[in-house]
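Structural description and commentary
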Amino acid sequence: RDSSRAAQQKQKEATSIAGQIERIEGDIEVTEGKIEDTGNEITRVEQEIVQTEDQIEQKQQELDVQQENQDETLRVLYETSEQELLFLVVGSDSISDYIEHQEYLEALEYQIDATIAEVQSLKRELEQQRSELQAKRNELTGLRAQQEAYKAGLDSEKDRKDQLLTRTKEQQVAFESQVAQAKQLNAAVESEMSSIRSRLTKNASGPGVIQAKDRG
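Residues numbered from 1 in each chain as written. Predicted model: local features only at pLDDT ≥ 70, side-chain atom pairs only at ≥ 80, totals over all residues. Heavy atoms only, no water.

Attention now moves to the overall build of the chain. In terms of regular secondary structure, the chain is built from 4 helices and 0 strands. The linear arrangement of helices and strands in the chain, starting from the amino end, is α-α-α-α. Across the 216 residues of the chain, 20% fall into the buried class. For the chain, restricting intrachain contacts to residue pairs at least 6 apart in sequence, the fraction spanning at least 24 positions comes to 92%. Total accessible area on the chain is roughly 15800 Å²; 49% of this is exposed by carbon and sulfur atoms. (Helix = DSSP H or I, 4+ residues; strand = E, 2+ residues; numbered from the N terminus. Buried < 20%, exposed > 50% of the residue type's maximum accessible area, 1.4 Å probe, protein only. Contact = heavy atoms within 4.5 Å. Areas by Shrake-Rupley, 256 points an atom, 1.4 Å probe, with all protein chains shown as cover.)

Right, let's talk about the nonpolar core for a bit. Counting 5 residues, the largest nonpolar core is built from Ile 42, Val 45, Ile 49, Leu 133 and Leu 140. Looking at this core, the elements with two or more residues in it are helix H1 (2–78) and helix H3 (92–204). Among the elements that make up this core, the one with the highest residue count is H1 (3 residues). Beyond its immediate sequence surroundings of up to four residues, Ile 49 is in contact with Leu 133, Gln 134 and Arg 137. (Core = buried A, V, L, I, M, F, W, Y, C linked by side-chain atoms within 4.5 Å.)

Before going further, it helps to spend a moment on the environment of Gln 120. Along the chain, the position of Gln 120 falls in helix H3. Expressed as a C-alpha distance, the spacing of Gln 120 and Ile 56, which sit 64 residues apart in the sequence, is 9.9 Å. Contact partners of Gln 120, with chain neighbours within four places excluded, come to Leu 63 and Gln 67.

Let us now look at the confidence of the model for the chain. Here the chain shows a mean pLDDT of 82. Residues at 70 or above account for 82%. In the predicted structure, residues 209–216 sits below a pLDDT of 50 and forms 3 contacts with residues beyond four places in sequence or in another chain. (pLDDT = per-residue confidence, 0-100.)

Our next topic: a nonpolar patch on the surface. Where nonpolar side chains cluster on the molecular surface, the patch consists of Leu 185, Val 189, Met 193, Ile 196 and Leu 200 and spans about 440 Å² of accessible area. Tracing the sequence through the fold places Leu 185 in helix H3. (Patch = residues over 30% accessible without salt bridge, like charges linked within 9 Å, V, L, I, M, F, W, Y side chains within 5 Å. Salt bridge = Lys/Arg side-chain N within 4 Å of Asp/Glu carboxyl O.)

The residue Gln 172 is located in helix H3 in this model. Here Gln 172 falls in the buried class, since its relative accessible area comes to 12%. Beyond its immediate sequence surroundings of up to four residues, Gln 172 is in contact with Ala 7, Lys 10, Gln 11 and Ala 14.

On to the pattern of salt bridges. The tally for this structure, following the rule as stated, stands at 11 salt bridges. A salt bridge links Asp 155 to Lys 151, with the nearest nitrogen and oxygen atoms 2.8 Å apart. One end of the pair is Asp 155 and the other is Lys 151, both in helix H3 and 4 residues apart, which spans about a single turn. Lys 161 is paired through a salt bridge with Glu 157; the nearest N and O atoms lie 4.0 Å apart. Taken together, the residues span about one helical turn, with Lys 161 and Glu 157 both in helix H3 at a distance of 4 residues. Note on Glu 157: relative accessible area 29%, which makes it partly exposed. Salt bridges linked by common partners bring Glu 25, Lys 158 and Asp 162 together as one network.

The structure is reproduced here in structure tokens:
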């Protein structure tokens, strides 16, 4: 009877442990999905970082070109020699051409300055965007590490529960085996007792027994 109750208790424990394992497996599946989503997000952010760095490089190249243009314009603007100035002052047309030329160079310099300022502003915005993306990537990388650590804990807990379930089922089988052996033993005893009773009954009604009517 004790073995029977123990077997039933172990069966209940095994059912409970199996339910716990099922819940853990569900948590593992959900966590794996989160890890995959985080990995995809990291990949997307890294692609954006690469694209942003390409744009920064492009803006830097544009900036280099504009700065070269500015240097050349300033060289032409300020390197006009006194002889060239005297030569241009000879006639009114020459003076007019000179002034017009200077105004053109100054306008060109202003345009180049504006272009450089615009490119620098765009470049700073891209650099800020890159910094934000890098921070986002670091944040996501940290999140993925936490998720992987959580999953590792779940895996460890599942392994422990699996082992506990195996031991519990083995104990259940052992108790059930004891119950079966006890039933077999009881059956054998009952069979032997029945045989004994049958023999006693047969002997009691056999020829050696004197009936009351024979004595009279």
